[in-house]
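What follows is each chain in one-letter form.
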Amino acid sequence: MKLKSAVTALVAALLLLACIAAPVSAVLTDTQVQDSTIMIPFSGTTLAITDYSFDREIPVYEPNEEGVLTVSITNNGAKAVKLENIFIKYYEDDKGITATKANWRNLPFTVAPAQTLQVPIPLKVGDKTGNFYATICVQTNNGSLYDLKQPFVLKVMDLGADLEITNIKVAESDYYYILTGDIHNLGFSTANSLHVTSVEGGDIGPYVTYPIGNLDADDLAGFEITFIPPQNGILTLITTYKDSNLNTITEEHQINLANHLIIEEVDNTASIVVTIIIIVVAGLIIFAIVRKIVKSKGKKQ
């Protein structure tokens, strides 16, 4: 009987030691991953992240933009759990996105049995663009840290206007040069109050600055600039517009004039016709004179 009690105590001690030595982040089964469940073995309580949502319909952010991720946490166990911290964890230590911790004014949270709490997590993306994979982490009052093990994706991309100048043609007039072209907005937002000018072109002709107005995303507009060619043959065009936040955006576009210069072909048709007419008339005159001379000699004979 004593031997049986000793064995039982030894097994219990080994089980307790195994629990204490277990990894901080719980390993989830396939079912738990599908249910977005986090197991907390120390307290015997099951916390489930039942839902999460961003502050926009599609989680796409511009570089250095701030946002909010709201997490719904449900206590499916029989004991209350005190949450000291909730934050976002990024894979591979990617520096493109940083995350602040959950609003400290609202923490810590105590989640009662069968209770669901919504926790806002502020986030801020960096200046890098691309797709960033992350997960939601919770930290309990005993210092243990658990994460969702089911990554979500944050996309960071430039959602502003993206201007491209195409179809450039350069022609020479009597007193200045004329550059014509098209501006295409390849971005996702409108370029407001857009206008084009040049840096080195000087103040000459009717279109030193060309106003275009509002250029919507995926839209096209033509423009014309009059200028005096710079000595290096490179003309710098400046596009200026306001974004959706009324910030003034200025971009430079280098144009190699020689690559777009139109060589006017000289039409010699008129001169050729005139020359032919002159030759024909001269031939007729010569023929008439020769004929007259011949006739005059015939009469003398």
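Thresholds, definitions, all that
- Residues numbered from 1 in each chain as written.
- Predicted model: local features only at pLDDT ≥ 70, side-chain atom pairs only at ≥ 80, totals over all residues.
- Heavy atoms only, no water.
- Phe/Tyr/Trp six-rings, centres within 6.5 Å; stacked < 30°, edge-to-face > 60°.
- Buried < 20%, exposed > 50% of the residue type's maximum accessible area, 1.4 Å probe, protein only.
- Pairing = 2+ DSSP bridges.
- Helix = DSSP H or I, 4+ residues; strand = E, 2+ residues; numbered from the N terminus.
- Axes fitted to C-alpha atoms, helices over the stretch in contact; angles between N-to-C directions.
- Salt bridge = Lys/Arg side-chain N within 4 Å of Asp/Glu carboxyl O.
- 1 Å grid on protein atoms, 1.4 Å probe; cavity = no way out; pocket = protein on both sides within 12 Å on 5 of 7 lines; lining within 4 Å.
- Points joined across faces, edges and corners; volume = space filled by probe spheres on them.
- Core = buried A, V, L, I, M, F, W, Y, C linked by side-chain atoms within 4.5 Å.
- Contact = heavy atoms within 4.5 Å.
- Patch = residues over 30% accessible without salt bridge, like charges linked within 9 Å, V, L, I, M, F, W, Y side chains within 5 Å.
- Areas by Shrake-Rupley, 256 points an atom, 1.4 Å probe, with all protein chains shown as cover.

(A) Inspection of the packing of aromatic side chains at higher detail. Summed over the entire model, instances satisfying the criterion amount to 3 aromatic pairs. When the ring of Tyr207 is compared with that of Tyr210, the centres are 5.4 Å apart and the planes differ by 50°; the resulting orientation is tilted. According to the relative accessible area criterion, Tyr207 is partly exposed, its value standing at 31%. Judged by its relative accessible area of 21%, Tyr210 falls in the partly exposed class.

(B) Spotlight on the sheet that holds strand S18 (residues 248-256). Read from one edge of the open sheet, 4 strands run S15-S14-S17-S18, paired in antiparallel fashion. Each having just a single partner strand, strand S15 (209-215) and S18 make up the two edges of the open sheet. Pairwise comparison of adjacent strand axes, ignoring direction, gives a mean angle of 20° for this sheet. Summarising the sheet, strand S14 (residues 191-198) and S15 pair through 5 bridges and their orientation is antiparallel. Residue Thr197 lies in a different strand from S15, and its bridge partner there is Thr209.

(C) Representation of the pattern of salt bridges. For the structure on display, the rule yields 3 salt bridges. A salt bridge links Arg56 to Asp55; its shortest N-O distance comes to 3.1 Å. Assessed through its relative accessible area of 24%, Arg56 is described here as partly exposed. The exposure class assigned to Asp55 is partly exposed, which follows from its relative accessible area of 38%. Among the ionic pairs, Glu84 bridges to Lys82, the shortest N-O distance being 4.0 Å. By relative accessible area, which is 27% here, Glu84 ends up partly exposed. A relative accessible area of 33% places Lys82 in the partly exposed class. Connected through salt bridges with shared partners, the residues Asp55, Arg56 and Glu65 form a single ionic network.

(D) Main features of the layout of surface pockets. Estimates place the volume of the largest pocket at around 280 Å³. The wall of the largest pocket is formed by 13 residues, among which Glu62, Asp158, Leu159, Gly160 and Asp243 lie closest to the centre.

(E) Structural detail: the nonpolar core. Grouped together as the largest cluster of nonpolar side chains are 27 residues, with contacts concentrated most on Leu69, Ile73, Leu83, Ile86, Ile88, Ile136 and Phe152. If we skip the residues at most four places from it in the chain, Phe152 touches Tyr52, Phe54, Leu69, Ile88, Phe132, Tyr133, Ala134, Thr135 and Ile136. Judged by nonpolar contacts, the second largest core, of 20 residues, contains Ala161, Leu163, Ile168 and Phe223.

(F) Inspection of a nonpolar patch on the surface at higher detail. Together, Val273, Ile277, Val281, Ile285 and Ile289 make up an exposed nonpolar region whose accessible area comes to about 420 Å². Inspection of the secondary structure puts Val281 in helix H3 (residues 269-300).

(G) Structural detail: the sheet that holds strand S12 (residues 163-172). Taken in spatial order, the 3 strands line up as S12-S13-S16 in an open sheet, and their pairing is antiparallel. Either end of the sheet is taken by a strand with one partner, and the two such strands are S12 and strand S16 (220-227). Ignoring strand direction, the axes of neighbouring strands in this sheet form an average angle of 20°.

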